[in-house]
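Letter by letter, the chains look like this.
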There are 2 protein chains.
Amino acid sequence: MSARGSVASLARRCLATTARPVVRGDFSEITAGDLETFTSILGDPKHVVTDADDLLPFNRDWMNKYEGKSRLALRPKTTEEVSRIMRHCSERNLAVVPQGGNTGLVGGSVPVFDEVVVSMARMDEIRSIDPLAGVMVCQAGCILQHLDETLAREGLMMPLDLGAKGSCHIGGNISTNAGGIRYLRYGSLHGSVLGLEVVLASGEILDVLKPLRKDTTGYDLKQLFIGAEGTLGLVTAAAIHCPPRPKAKNATFLSCDSFPRVLETFRRAKADLGEILSAFEFLDKESLDLATRTFADVKNPLEGSSDGFYVLIETSGSDEAHDAEKLQSFLESSLEAGAITNGAVAQDVTQFRAFWRVREGVPEALNTHGAMYKYDLSVPQAQMYDLVEETRDRVGGMAYTVGYGHLGDGNLHLNCVADAYSDELSSRIEPFVYERTAELGGSVSAEHGLGQMKASCIGYTKSDSAVEMMKLVKRTFDPKGILNPYKVLPSSN
Amino acid sequence: MSARGSVASLARRCLATTARPVVRGDFSEITAGDLETFTSILGDPKHVVTDADDLLPFNRDWMNKYEGKSRLALRPKTTEEVSRIMRHCSERNLAVVPQGGNTGLVGGSVPVFDEVVVSMARMDEIRSIDPLAGVMVCQAGCILQHLDETLAREGLMMPLDLGAKGSCHIGGNISTNAGGIRYLRYGSLHGSVLGLEVVLASGEILDVLKPLRKDTTGYDLKQLFIGAEGTLGLVTAAAIHCPPRPKAKNATFLSCDSFPRVLETFRRAKADLGEILSAFEFLDKESLDLATRTFADVKNPLEGSSDGFYVLIETSGSDEAHDAEKLQSFLESSLEAGAITNGAVAQDVTQFRAFWRVREGVPEALNTHGAMYKYDLSVPQAQMYDLVEETRDRVGGMAYTVGYGHLGDGNLHLNCVADAYSDELSSRIEPFVYERTAELGGSVSAEHGLGQMKASCIGYTKSDSAVEMMKLVKRTFDPKGILNPYKVLPSSN
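Criteria and cut-off values
- Residues numbered from 1 in each chain as written.
- Chains lettered and ligands numbered in written order.
- Predicted model: local features only at pLDDT ≥ 70, side-chain atom pairs only at ≥ 80, totals over all residues.
- Heavy atoms only, no water.
- 1 Å grid on protein atoms, 1.4 Å probe; cavity = no way out; pocket = protein on both sides within 12 Å on 5 of 7 lines; lining within 4 Å.
- Points joined across faces, edges and corners; volume = space filled by probe spheres on them.
- Helix = DSSP H or I, 4+ residues; strand = E, 2+ residues; numbered from the N terminus.
- Nonpolar A, V, L, I, M, F, W, Y, C, P; charged D, E, K, R; others polar.
- Contact = heavy atoms within 4.5 Å.
- Buried area = accessible area lost by both parts, 1.4 Å probe.
- Salt bridge = Lys/Arg side-chain N within 4 Å of Asp/Glu carboxyl O.
- Disulfide = S-S within 2.5 Å.
- Buried < 20%, exposed > 50% of the residue type's maximum accessible area, 1.4 Å probe, protein only.
- Least-squares fit on C-alpha atoms with pLDDT ≥ 70 in both.
- Core = buried A, V, L, I, M, F, W, Y, C linked by side-chain atoms within 4.5 Å.
- Phe/Tyr/Trp six-rings, centres within 6.5 Å; stacked < 30°, edge-to-face > 60°.

S.K.: Would you take a moment to explain empty space enclosed by the protein for this structure?
M.R.: Where empty space is left can be seen by rolling a probe of water-molecule size over the atoms. Residues and elements named next belong to chain A. If you walk through the whole model with that rule in mind, you get four cavities of 30 Å³ or more. Within this model, the largest cavity holds a volume of roughly 390 Å³. As for the largest cavity, its lining consists of 34 residues, and the residues nearest its centre are Leu 194, Leu 212, Asp 215, Asp 220 and Lys 222. Of all the secondary structure elements, the ones that give two or more residues to the lining of the largest cavity are helix H8 (189-192), strand E7 (193-199), strand E8 (205-208) and helix H9 (222-225). Of the residues that constitute the lining of the largest cavity, the class distribution is 12 nonpolar, 13 polar and nine charged.

S.K.: Please explain the interface of chain B and chain A as it appears in this structure.
M.R.: With 93 residues of chain B in contact, the opposing surface of chain A contributes 93 residues. Between chain B and chain A, a total of about 7500 Å² is buried, with carbon and sulfur atoms accounting for 58% of that surface. At the boundary of chain B with chain A, the tally comes to 10 salt bridges. In this structure, the salt-bridge partner of Lys247(B) is Asp272(A), at a minimum N-O distance of 3.7 Å. If you tally residues by element for the side of chain B that touches chain A, the top one is helix H17 (residues 464-477) of chain B, at nine residues.

S.K.: Please explain the state of the cysteines as it appears in this structure.
M.R.: Working definition of a disulfide: a covalent bond connecting the sulfur atoms of two cysteines. Residue and element names in this part refer to chain A. Throughout the structure, instances matching the rule amount to zero disulfides over all chains. You can see Cys 168 has no disulfide; the closest cysteine sulfur is in Cys 142, sitting 12 Å from it. Here Cys 168 falls in the buried class, since its relative accessible area comes to 2%.

S.K.: Help me understand the relation of the copies chain B and chain A in this model?
M.R.: Two chain copies, one operation linking them: a rotation about an axis together with a shift along it. Relative to chain A, chain B is turned by 180° and slid 0.0 Å along the rotation axis, the superposed coordinates differing by an RMSD of 0.0 Å. This pairing of chains is accounted for by a two-fold axis. Relative to the rotation axis, the closest C-alpha in chain B is found at Gly191(B), a distance of 2.2 Å.

S.K.: Even after reading the chapter, I still don't get the pattern of salt bridges, so can you show me in this structure?
M.R.: When the charged atoms of two side chains lie near each other, side chains of opposite charge can form a pair. All names here are of chain A. Applying the stated rule across the entire model yields 68 salt bridges over all chains. One salt bridge in this structure joins Asp 161 and Lys 165, with 3.2 Å as the shortest N-O distance. Since its relative accessible area comes to 30%, Lys 165 is described here as partly exposed. Across the salt bridge formed by Glu 281 and Arg 359, the nearest N and O atoms sit 2.6 Å from each other. Taken together, the residues span a long stretch of sequence, with Glu 281 in strand E11 (residues 277-284) and Arg 359 in helix H13 (residues 349-366) at a distance of 78 residues. With a relative accessible area of 1%, Glu 281 lands in the buried category. In this structure Arg 359 comes out as buried when scored by relative accessible area, which is 6%. Taken together, the shared-partner salt bridges in this structure form one network comprising Asp 161, Lys 165, Arg 182, Lys 249 and Glu 314.

S.K.: Just checking my understanding: could you explain the nonpolar core for this structure?
M.R.: A general trend in soluble globular proteins is that nonpolar side chains are found buried together. If you look at the biggest cluster of nonpolar residues, it comprises 136 residues, and the most contacted ones within it are Met158(A) and Met158(B). Once residues lying within four places of it in the same chain are set aside, the contact partners of Met158(A) are Met136(A), Leu144(A), Leu147(A), Asp148(A), Leu151(A), Ile170(A), Ile240(A), Cys242(A) and Pro243(A). With 47 residues, the next largest nonpolar core counts Phe309(B), Tyr375(B), Val388(B) and Leu425(B) among its residues.

S.K.: What is the right way to read the packing of aromatic side chains from this model?
M.R.: Aromatic ring pairs are described here by two measures, namely the spacing of the ring centres and the angle between the planes. One pass over the full model with this rule turns up 26 aromatic pairs over all chains. Seen from their ring centres, Phe253(B) and Phe355(B) are 5.9 Å apart, and the 55° between their planes marks the pair as tilted. In this pair, Phe253(B) is assigned in strand E10 (residues 248-256) and Phe355(B) in helix H13 (residues 349-366), connecting sequence segments 102 residues apart. When sorted by exposure, Phe253(B) lands in the same class as Phe355(B), which is buried. What links up through ring pairs into an aromatic cluster is the set Phe259(A), Phe282(A), Phe309(A) and Tyr385(A).

Here it is, written out as structure tokens:
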């Protein structure tokens, strides 16, 4: 059922591939003739970016971890323009990187060599909103937060929410199959995305954009592009199912004295809060301490508490009084049963935000360190914290290890931070973290994708037969391999 | 965005294809050697069915509408056996029909000619249930209702429910991408199915069965098999996300004096009932009359009402008192605003069942007629009832036309019943219903699939580029075309 049996061999393969430097594919290089063609497609030379300084934000990811050497970024406005760009790239054998808000964490949206960047930033139109059906159709370059604000005026909301919402694009969210904090309630984009418009490697426009909740006419092709990180096609527009915006929101911040008690609290939250539970986040003491130490505006809502674990629960519902009553009853019974040691309920919007600020402060605080080993893992809930403790033991005093994340979805963010990277530290963490995750039947990327960072590690999560089938699908959709090369699949491809 | 522009040409193509008889593919015929091989794979000759009488239930669908001529049905118990069967069929170029509970409505699960039936009925084991994560792993031949009853003991439920639950298999549900009455609340199987184990046409086992909520390592291959009707692979096992079983359930039966008022009632239900809304079904007066006339145990809960439209709303939640309060407040404001003319709330389980009996009685009553033209359509909600009225006008006195269905999901069940089929009546209904659905941007199959009935009609819903891409995917997964031939894609394939 899992790749468990063959973990050792997979590990060796993964390391070997990682060690081998990625080699530029046999793609053409940009010529003056290409620039002329692209300028004629886009109409205005300012959308054909060739200046080295102007190219920097297209070449470099926001963590400053990955930097490509592209000499060309294109900024189309319409699907037709994207189609003409791809037709030309296909004919000329030019490699392409689709780029959304460039907020990814695995180097998936920046070039590795000199791939042409196709930025979706100008494709930011909302085509339609149907308030009754709760369906929005928009271009791929729309910014997540802007979409959510627009939907708010219709009493609707986006079915996903994440830290980068102020700059990430919906097309990038879809291509990464982004998760975020309300996944527990609103589920996967595989359920929420009703339709897509995609430009294929050949330039052909694949129109499966019908904004219907139900449609069983043939294969659901759009699903392949959700999470394909732009390697099978460029998502240019999407139809999204948007739930009603809740009238009431609440949050509670709790402490638990052991991880099993965190799990017990989750079990109780599912039973008692049921349909109003919209987030269940946990953080260990080390995470909380790091955030409060780093930022003056992050405060432990349970001041003086020295328990090992903290939980942030959010509820969303249609009746404030009912929600408050459910929350109160859940807290009382959880305290009485000893699942939690203490708890605070947000009394107003300021406190609600302060609770979330604690959770959001953790990744921000991690970013302030010289070296950060960042893992986004799916692990069965019962074993989740064992992995954190085992990693902490292995790194000893060489790094500060924290575990937090979307417990409700089995999604652990495991991080080790230090002043500087070192081979000794690296070897203590990897491949241990990946191997252990594989042994537990988990995933080495829960919601960040594989990009260039983890392309060679896919074997830890996926069976050989699945990877072979993925390569076949890649060849079917992109026979020349021009779409976002060196990403997702091992480069032996 | 839709296939609207080319509806006329698509219509012509569809009719032409329908008119052309399907021709048997160039597959091998069963030999004594094949039977020996299959008997050795399955161990016991009783799982290799060759007797003509015994084959009848495998050859004929439950509506007695489709009947194949298979001379062989195989009843494997394990994935390994299915794999060996497919390996042999692939080598010998034998065509195969995977068969679940055989409750489909489009002839997708019975042979057209002499395809080998692979019945999943013996593959009925539940492999694991994780009550905390809410994840079940089971074999494809498990019966939906049995799964739901087993989950009930863990406080969980299946995320789908449909009329055929007592005999349909989960593997068939997945292969059809079945919808049902709680889709509105729990969404699509594309969101609920976490993993699949699939035997490919070659006999290779594709293992993407990890029971993880989140996993972004490569292409989500399992999605392709959801709704592929067994034409890309045989689903042998599934990991399914199962929501907590609600503690409280309620139902209300309402009347509205126009279809716009039904829509207004839906808008109000979404706003007022929000997270506890678990079904929103509508039926027209003609549907209700038919059911009450046909069955003595079906009674209009609003006796004496002569309004044109009826709505059945179900709520599910974690607190009975809260749910009742929300329902009461919704009903009062809806009455006051004139959205509904009357309403009854179920006072006990008996009434709850009686309300649902009305809704379930409609398709059952339709089945009692000599000729039934049955359409399962996705149509934008605002235009949904126009289609019923236009169809009723066209058939005039030749048939009795009813419209009902899952309004919350934009899913209309449109039916015309008469004493007997006639060319005149047929030509009044088709291709009109398909053409009009296409014009409205809808789907000609919302939740029943295409099977053999509608394989030639895919062009009404899907663009040419999508159908071409589907054919390419089919060739990639099943190069010899041995898996469930003559279904889903037009036979020109």
